[in-house]
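Okay, here's what each chain looks like letter by letter:
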Protein chains: 2
Amino acid sequence: MADGKRPRIVIVGGGFGGVKLAKLFAKENVDVKIVDRHNFHLFQPLLYQVSTSVLSSDEIAYPIRSFFRNCKNVDLYMAKAQGVDQDCDELITNHGEIPYDYLVLAAGATTNFFGMEEVEKHAFGMKTLQEALHIRNHVLHEFERADKPYRTPEDRKKRMTFVVVGGGPTGIEEAGALAELIEIQKKEFHHLDFNDVSIKLIEATGHVLPMLPEDLQEEAVRVLRKKGVEVMLNTQVVGYDGDELTLKSGVKIPTTTVIWAAGVRAVDFIKECGGECARDGRIWIDEDLRVKGAKHGNVFAIGDCAAFMHGDMQRPLPTVAPVATQQAVVCHKNIMKLINGDNNLEKFVYKDLGAMATIGRGDAVVGSPKLTGFLAWCAWMLVHLIRLAGAHANFTVAIKWTWNLLSGTRLGRIITNIQLDDGRRR
Amino acid sequence: MADGKRPRIVIVGGGFGGVKLAKLFAKENVDVKIVDRHNFHLFQPLLYQVSTSVLSSDEIAYPIRSFFRNCKNVDLYMAKAQGVDQDCDELITNHGEIPYDYLVLAAGATTNFFGMEEVEKHAFGMKTLQEALHIRNHVLHEFERADKPYRTPEDRKKRMTFVVVGGGPTGIEEAGALAELIEIQKKEFHHLDFNDVSIKLIEATGHVLPMLPEDLQEEAVRVLRKKGVEVMLNTQVVGYDGDELTLKSGVKIPTTTVIWAAGVRAVDFIKECGGECARDGRIWIDEDLRVKGAKHGNVFAIGDCAAFMHGDMQRPLPTVAPVATQQAVVCHKNIMKLINGDNNLEKFVYKDLGAMATIGRGDAVVGSPKLTGFLAWCAWMLVHLIRLAGAHANFTVAIKWTWNLLSGTRLGRIITNIQLDDGRRR
């Protein structure tokens, strides 16, 4: 910067944190590059709706460049980040090196299979758009397969058993939406015996939605059970070979569909960044959001890929959007301070906005203020619509949800082949 | 049927003809099976809008079963038809044999590369949803690739050259929509030199849109040129290796994108049906729509896969939706006559409803009554909205088109990996 050039900010990841940060820097006299392997920002909280045919993929994915149409100093560099060369201040990608003055890791999280390779191979993750479309295709296709006259009763039942693992918001929402999808399928498969169909939600601990008060947890379980979901608490999965799910108790559940929503970890790239990482791969950051163990003070991390802990906390902050966007605000301030020669950086303090989860059409639980049922669902819908990127997406999504609520139908139940980013089967 | 069972009608293909036919039979005392390798009906005339990021795939694909929710006698059998055993009256599929009393081939058409294998391997067809999504992904990705700083000027220009082959409605509409997509990309790629970008429309004959009067043909070319499309008439393609398109004149055009809209032929399955086929693979049918050369009188064919010619016609009827739906009406009547023991079948007479093509946002040409410009575009929009399946799809598509017209933006410019049905590369 001594040569008069504008400071170069490189942001890895165009998620909630990365985009928010780039928007803040767009107004400054700096050059910003967002590095992402996709050209779109993904509204992850609604992925489960794509996986259950409620929404189209275009409705929860927004071109990153569109945010910065009028910001000539912000650019997208579509590439896969692979590591950081801290000696040269360069980000390494599969499309060459990108020099930076300040680097912000906002690369997000992926599914955590806790080292169970067999499960990872056969179960569905639900963190990317491709994975959600995969689940959609697979579930719809299993109905078509089960409908074939030559199936044995066992084979048919196995294909009509849908297991969701994990009682967090994603698992709850997925199980609830699947139950509703099946109600619609019932009307259209005239010869299939729907007594064969079952949805099981498996949770290792004794309660779902750990971030909500106990009465709301119980309310969520009650609503799910009413919808026909078999909620199995205190149940641990130890294996899945694509045909049978094995529980710790030794019980085996024949099923061709296991959706894994039981944990997240940082993306693999994070461990190549030269900082200290937690057990789940998240990189430890200081109170000023700088990466612990980095050689220089110009590498920051925010959001799901970062592990942040105050002195008195029991565990790092959760991997949710509000953490990422709040950290983006402080990260922007601190980098601007450094650019302006001020080393007195601001400390990050998280403001918990409460949690909410929807359990299907017209039903949800909201933690603060405490709400259940239709009112909670309206609150949930409003919050998600406001946050959804792009004025138009808001509009069609609102129409679709209303339509869905009134008519009880699901468009988008179409089966197309999908190729996963990592080239995995299906 | 002598045993008192209801007559079994098997329809191969859930396109315009097949679905229309099944709807007519739904009210009769018969059992209907639609056999299709996809679970959705595709609104093919709008495929080009998916390929250019205007519409989402869900908006032009409609689950076949949804048409027949209240018709217990109509069912979908999702499978790939492979041939017909006329001795046993069975349709052969990759999921077993399906016995029929009456069989209707409504299997549609695919891209005709006229035997040029190299072109087929490297060019994009545009007949399936997957192919349209492929084109979308590829075109958007080429912009990201061209934007990389390490490209040579030649490489960049090659990636920014988009060639559409074929001056029919599909080619015209694709070229026009691409031109508009590029106007939008211009606003979002701050560092790309758009002088490198070119769109070429190549047509072998001396005019585009052969089914329209000459002044409308000239109007279409004029509008396209105004949009920046280079229209090359009397130009024949002889080869394409993925890097260079070779013209008959010997001229070579470096390009990574060739979209082939120059011809259609019947799907391969049709030649396994035991009838007489034309050079383009379409099966010849009599005036009562029964397949010529079939062993028994219970095999019909309608739509794009059938070749129909009155005594005084120069060439078979074109492969357009109105032919298929009009044939469906007569096919239904004739099969019901046969079921009721009446062998005096109705002869099919085609009623030409005229042709139309849109050339982009707010501009189109309509043959009858003769219209151009915005008024023609309104007529085009109305006709397509009315025909689009599903009340809800109409609604969101109408909103999207209006939004698109007013704002000049395109949502859905997201890049995802797609796997072709035939497992081809990309």
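Bear in mind that the values here come from a model prediction, so they are computed numbers and not experimental data. (Residues numbered from 1 in each chain as written. Chains lettered and ligands numbered in written order. Predicted model: local features only at pLDDT ≥ 70, side-chain atom pairs only at ≥ 80, totals over all residues. Heavy atoms only, no water.)

Visitor: Can you help me understand the overall build of chain A in this one?
Guide: What chain A contains, in helices and strands, is twelve helices and 24 strands. Seen through its principal axes, chain A has C-alpha atoms that stretch 75 × 40 × 40 Å. Put simply, chain A has 426 residues, and 59% of those count as buried. Entry remark: accessible area of chain A is about 17200 Å², with carbon and sulfur atoms responsible for 50%. Side-chain charges in chain A split into 52 positive and 53 negative, and the spacing between the mean points of these groups amounts to 4 Å. (Helix = DSSP H or I, 4+ residues; strand = E, 2+ residues; numbered from the N terminus. Buried < 20%, exposed > 50% of the residue type's maximum accessible area, 1.4 Å probe, protein only. Areas by Shrake-Rupley, 256 points an atom, 1.4 Å probe, with all protein chains shown as cover. Lys, Arg positive; Asp, Glu negative; His and termini not counted. Charge placed at Lys NZ, Arg CZ, Asp CG, Glu CD.)

Visitor: I would appreciate a short explanation of the side chain of Asp 363 of chain B in the present structure.
Guide: Residue and element names in this part refer to chain B. Relative to the elements of secondary structure, Asp 363 occurs in the loop between strand E22 (356-358) and strand E23 (364-366). Arg 222 is the oppositely charged side chain nearest to the buried, salt-bridge-free Asp 363, at an N-O distance of 5.9 Å. Here the side chain of Asp 363 touches Gly 373 through a polar contact of 3.4 Å, landing on its backbone nitrogen. For Asp 363, the residues in contact, after removing those within four places along its chain, are Val 223, Thr 358, Gly 373 and Trp 377. (Salt bridge = Lys/Arg side-chain N within 4 Å of Asp/Glu carboxyl O. Polar contact = N/O pair within 3.5 Å; in protein donor to acceptor, adjacent residues only side chain to side chain. Contact = heavy atoms within 4.5 Å.)

Visitor: What exactly am I supposed to notice about the nonpolar core here?
Guide: Across soluble globular proteins, you tend to see nonpolar side chains buried next to one another. Residue and element names in this part refer to chain B. Counting residues in hydrophobic clusters, the biggest one holds 62 residues, and the most contacted among them are Phe 68, Leu 91, Leu 103, Leu 105, Phe 269 and Leu 289. Broken down by element, the residue count for this core peaks at seven residues, all from helix H10 (residues 321-339). For Leu 289, the contacting residues outside a window of four places in its chain are Phe 300, Ala 301, Ile 302, Phe 308, Gln 327, Val 330, Cys 331 and Phe 348. (Core = buried A, V, L, I, M, F, W, Y, C linked by side-chain atoms within 4.5 Å.)

Visitor: Before we go on, may I ask you to explain the sheet that holds E22 of chain B in this structure?
Guide: By definition, the strands of a sheet pair up through backbone hydrogen bonds, in either a parallel or an antiparallel sense. Residue and element names in this part refer to chain B. Read from one edge to the other, the open sheet built from three strands follows the order E22-E23-E24, with strand pairing classed as antiparallel. The open sheet has two edge strands, E22 and strand E24 (371-372), and neither has a second partner. One ladder, built from two bridges, connects E23 with E24; its direction is antiparallel. For Val 365, the partnering residue across the bridge sits in E24 and is Thr 372. (Pairing = 2+ DSSP bridges.)

Visitor: For this particular structure, what's the right way to read the sheet that holds strand E12 (residues 198-202) of chain B?
Guide: Residues and elements named next belong to chain B. Here four strands make up an open sheet; going across it, the order is E13-E12-E11-E17 and the pairing parallel. Looking at strand neighbours, the two that pair on one side only are strand E13 (229-232) and strand E17 (257-260), the edges of this open sheet. Recorded for the sheet is a direction-independent mean angle of 20° between the axes of neighbouring strands. The pairing of strand E11 (residues 161-165) with E12 spans five bridges and is classified as parallel. Note that in E12 the partner of Val 164 across the bridge is Leu 201. Packing of helix H6 (residues 129-146) onto the sheet brings it into contact with E11 and E17, and relative to E17 it is tilted by some 160°. Sheet contacts for helix H8 (residues 169-188): E11, E12, E13 and E17; angle to E12, the most-contacted strand, approximately 175°. (Axes fitted to C-alpha atoms, helices over the stretch in contact; angles between N-to-C directions.)

Visitor: Honestly, the environment of Leu 212 of chain A in this entry has me stumped. Any pointers?
Guide: Residue and element names in this part refer to chain A. Residue placement: Leu 212 occurs in the loop between strand E12 (198-202) and helix H9 (214-226). Classification of Leu 212 by relative accessible area gives buried; the value is 5%. With 155 residues separating them in the primary sequence, Leu 212 and Gly 367 have C-alpha atoms 5.7 Å apart. In contact with Leu 212, other than residues within four places in its own chain, are Gln 217, Ala 355, Val 365, Val 366 and Gly 367.

Visitor: How should I be thinking about the packing of aromatic side chains in this particular structure?
Guide: Geometry of an aromatic ring pair is reported as the spacing of the ring centres plus the angle between the planes. Under the definition given, this model contains 18 aromatic pairs over all chains. On the basis of an interplanar angle of 25° and a centroid distance of 5.8 Å, the ring pair of Phe 374 of chain B and Trp 377 of chain B is categorised as stacked. With a gap of three residues between them, Phe 374 of chain B and Trp 377 of chain B both fall in helix H11 (residues 373-387), about one helical turn apart. Residue class for Phe 374 of chain B comes out partly exposed when judged on its relative accessible area of 47%. An aromatic cluster of three or more residues is present, and its members are Phe 143, Phe 162, Phe 189 and Phe 194 of chain A. Over the face of the ring belonging to Phe 189 of chain B we find Arg 65 of chain A, whose NZ or CZ atom lies 3.6 Å from the ring centre. One residue, Lys 148 of chain A, lies across the ring of Tyr 77 of chain B, its end atom 4.6 Å from the ring centre. (Phe/Tyr/Trp six-rings, centres within 6.5 Å; stacked < 30°, edge-to-face > 60°. Lys NZ or Arg CZ within 6 Å of the ring centre and 35° of its normal.)

Visitor: In this structure, what is going on with the pattern of salt bridges? I would like to understand it.
Guide: Side chains carrying opposite charge are able to pair once their charged atoms draw close together. Residue and element names in this part refer to chain A. If you walk through the whole model with that rule in mind, you get 47 salt bridges over all chains. The salt bridge involving Lys 333 is made with Glu 346; its shortest N-O contact spans 3.6 Å. Placement of the pair is Lys 333 in helix H10 (residues 321-339) and Glu 346 in the loop between H10 and strand E22 (356-358), with a sequence separation of 13 residues. Beyond isolated ion pairs, a larger network of salt bridges with shared partners links Glu 142, Arg 145, Arg 151, Asp 155 and Arg 159.

Visitor: Explain the side chain of Thr 255 of chain B to me, please; I cannot follow it from the model alone.
Guide: All names here are of chain B. Along the chain, the position of Thr 255 falls in the loop between strand E16 (252-254) and E17. Of the polar contacts made by the side chain of Thr 255, one reaches the backbone oxygen of Thr 161; its length is 2.6 Å. Residues in contact with Thr 255, not counting those within four places in the same chain, are Lys 158, Thr 161, Phe 162, Val 163, Tyr 240, Gly 242, Asp 243, Glu 244 and Leu 245.

Visitor: Which parts of the structure should I look at to understand the confidence of the model for chain A?
Guide: Detail in the predicted coordinates should be disregarded across regions flagged by low pLDDT. Across chain A, the average pLDDT comes to 90, with 91% of residues at 70 or higher. Per the prediction output, this complex has pTM 0.92; the corresponding ipTM is 0.90. (pLDDT = per-residue confidence, 0-100.)

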